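# Structural overview
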Amino acid sequence: MKKILFTILLAFATLPLLAQDPYVMCEDTCEHIHGLDMSRYQGEVFWDAVGNNSKMMYVYLKATEGRDHVDVKYKHNIEMAHAAGLKVGSYHFYRPLVPQHLQLQNFMAQCRPADQDLIPMIDIEVMPKGMSVDAFCDSLLTFIGLVEHAYRQKPLLYTYTNFYNRYLVGKLDGYPLMIAQYTAHEPRLADERDITMWQYTGKGRINGVNTYVDKSRFMGKHGMREIRFRHRGR
């Protein structure tokens, strides 16, 4: 009895230490499939160390933004992430006031189908001041359609809970969603849309990266098969 009581007291004593440890994250306490979102902001990444983390199955890399911005780490990161054994996808940060065809050209110049394991992702989190919601949605849906046609598959759409609930309710049916919400509770959208993936922290830690990193996981029974890039002829 004393031994059991000691074990319980020891467990409670270590809880504050676990709560303070930035390396104790969602992936340490669940069985979902996890991954990362990376860009130049992570600086020099030691990809072998990242790849050795058995919980991290995939990584989405920022490729482009707007008309002509290219992430300076993209080409290096995608090469090294592949070499580390990760499944890799690429994303474009959408700028609503930039012509959609120019953004597509920018993205396609970097996000080459042969390099992709995962479907392309569009990062949606900017609402220009003075732009109506209808105009914003028309612009966004046009771009989504261009990406879908160019890559012959539906892209993954990334946004955060409040942004979706304010501007996008009922607009993105039929497209897989990655929703950012940095809380202990799983996100729920105003229209009860199914969520494929949840970005649960922007302050994750992982061996091989010296800065904070965004971490995400699949929701429910969703899995890697749903975001696999379908190459021509396969």
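Fair warning: this is a prediction, and the values are worked out from it, not measured in the lab. (Residues numbered from 1 in each chain as written. Predicted model: local features only at pLDDT ≥ 70, side-chain atom pairs only at ≥ 80, totals over all residues. Heavy atoms only, no water.)

### Observations concerning the confidence of the model for the protein chain
The cut-off we apply is this: The predictor's confidence in any single residue is recorded as pLDDT, a number from 0 to 100. Residues are treated as being in contact if the distance between any of their heavy atoms lies within 4.5 Å.
Confidence in the prediction for the protein chain averages 88 pLDDT; 86% of positions are at 70 or higher. Low pLDDT (under 50) marks residues 1-24, which in the prediction has 6 contacts with non-local residues, meaning those over four places away or in another chain.

### Let's talk about helix α3 (residues 74-83)
What counts is decided by this rule: Whether a residue is buried, partly exposed or exposed follows from its accessible area with a 1.4 Å probe, protein chains only, as a fraction of its type maximum: under 20%, in between, or over 50%, in that order. Strands here mean DSSP runs of E at least two residues long; helices mean DSSP runs of H or I at least four residues long; both are numbered from the N terminus. When we speak of the arc, we mean the arc of directions from the helix axis to the C-beta atoms.
Burial in α3 covers these residues: Y74, N77, I78 and A81. Projected down its long axis, α3 carries its buried residues within an arc of 95 degrees, all on one side. When the buried face of α3 is taken as reference, the exposed residues oriented beyond 90 degrees from it are K75, E79 and A83. Of the surrounding secondary structure, the elements contacted by the buried residues of α3 are α2 (47-51), β2 (56-65), β4 (87-93) and α4 (100-110). The first or second residue beyond α3 is G85, which carries a positive phi of 90 degrees.

### A closer look at helix α6 (residues 161-168)
Taken together, the buried positions of α6 are T161, F163, Y164, Y167 and L168. When α6 is viewed along its axis, its buried side chains cluster within an angular range of 165 degrees and face the same direction. Of the exposed residues in α6, those oriented more than 90 degrees away from the buried face are N162 and R166. Contact partners of the buried residues in α6: α5 (133-151), β6 (156-160) and β7 (177-180).

### Brief notes about unusual backbone geometry
Even without being glycine, R152 reaches a positive phi, approximately 60 degrees. Positionally, R152 belongs in the loop between α5 and β6. With relative accessibility at 57%, the residue R152 sits in the exposed group. Unlike most non-glycine residues, E192 shows phi in positive territory, near 65 degrees. For E192, the position within the fold is in the loop between β7 and β8 (197-204). Owing to a relative accessible area of 53%, E192 belongs among the exposed residues under this scheme.

### Comments concerning the packing of aromatic side chains
Put simply, the test is: Paired rings are identified among Phe, Tyr and Trp, the last through its six-membered ring, by centres lying within 6.5 Å, and are further divided according to the angle between planes into stacked (under 30 degrees), edge-to-face (over 60) and tilted (the rest). Over a ring means this: the NZ of a Lys or the CZ of an Arg is within 6 Å of the ring centre and within 35 degrees of the ring normal.
Per the counting criterion, the structure on display carries 9 aromatic pairs. Here the aromatic cluster, defined as three or more aromatic residues joined through ring pairs, consists of F136, Y160, F163 and Y167. The side chain of K154 reaches across the aromatic face of Y175, ending 4.5 Å from its centre.

### Comments concerning the packing of α4 against α5
Rules: Each axis is a line fitted through C-alpha atoms, taken for helices only over the stretch in contact, and angles between the N-to-C directions span 0 to 180 degrees. Roughly parallel means an angle under 35 degrees; roughly antiparallel, over 145; roughly perpendicular, 65 to 115; everything else is oblique. Crossing handedness is read from the near helix: turned anticlockwise from the far helix by less than a right angle, it gives a left-handed crossing, and turned clockwise, a right-handed one. Nonpolar residues are Ala, Val, Leu, Ile, Met, Phe, Trp, Tyr, Cys and Pro. Charged residues are Asp, Glu, Lys and Arg, and all others, Gly as well, are polar.
Across the interface, α4 lies against α5 with an axial gap of 10 Å and an inter-helix angle of 40 degrees. As far as their axial angle goes, α5 and α4 are oblique. Considering the relative orientation of α4 and α5, their crossing is right-handed. Contacts from Q100, H101, Q103, L104, F107 and M108 in α4 reach S139, T142, F143, L146, V147, A150 and Y151 in α5. Its residues assigned to classes, the contact of α4 with α5 shows 8 nonpolar, 5 polar and no charged.

### Looking at the pairing of β6
Under the convention used in this document: By this definition, two strands are paired if DSSP reports at least two bridges between them. By definition, the crossover connecting two strands over a helix is right-handed if that path, from the first strand to the second, turns clockwise as seen with the strands pointing away from the viewer.
Most of β6 is tucked away: 4 of the 5 residues are buried. Of the strand pairs in this sheet, strand β5 (residues 121-123) and β6 are connected by 3 bridges, and their pairing is parallel. Looking at β6, one finds that D123 is bridged to Y158. In terms of handedness, the path from β5 via α5 over to β6 forms a crossover that is right-handed. For the segment spanning β6, α6 and β7, crossover handedness is right-handed.

### Some words on the nonpolar core
Applied cut-off: Here, the term nonpolar core denotes a set of buried Ala, Val, Leu, Ile, Met, Phe, Trp, Tyr and Cys residues that are joined through side-chain atoms within 4.5 Å.
Within the largest apolar cluster, 49 residues are counted, with the highest numbers of intra-cluster contacts made by M38, W47, V59, F136 and L168. Here this core takes 8 residues from α5, the largest share from any one element. The next biggest cluster of nonpolar side chains, apart from the first, holds 14 residues, and it includes L118, M121, M178 and F218.

### A closer look at the packing of α5 against α6
Two elements in contact, α5 and α6, have axes whose closest approach is 10 Å; the angle formed by their N-to-C orientations is 110 degrees. Of the possible angle classes, the one that applies to α5 and α6 is roughly perpendicular. The residues of α6 that touch α5, namely those facing V133, F136, C137 and L140, are F163, Y167 and L168. Of the residues belonging to the contact of α5 with α6, the class tally is 7 nonpolar, no polar and no charged.

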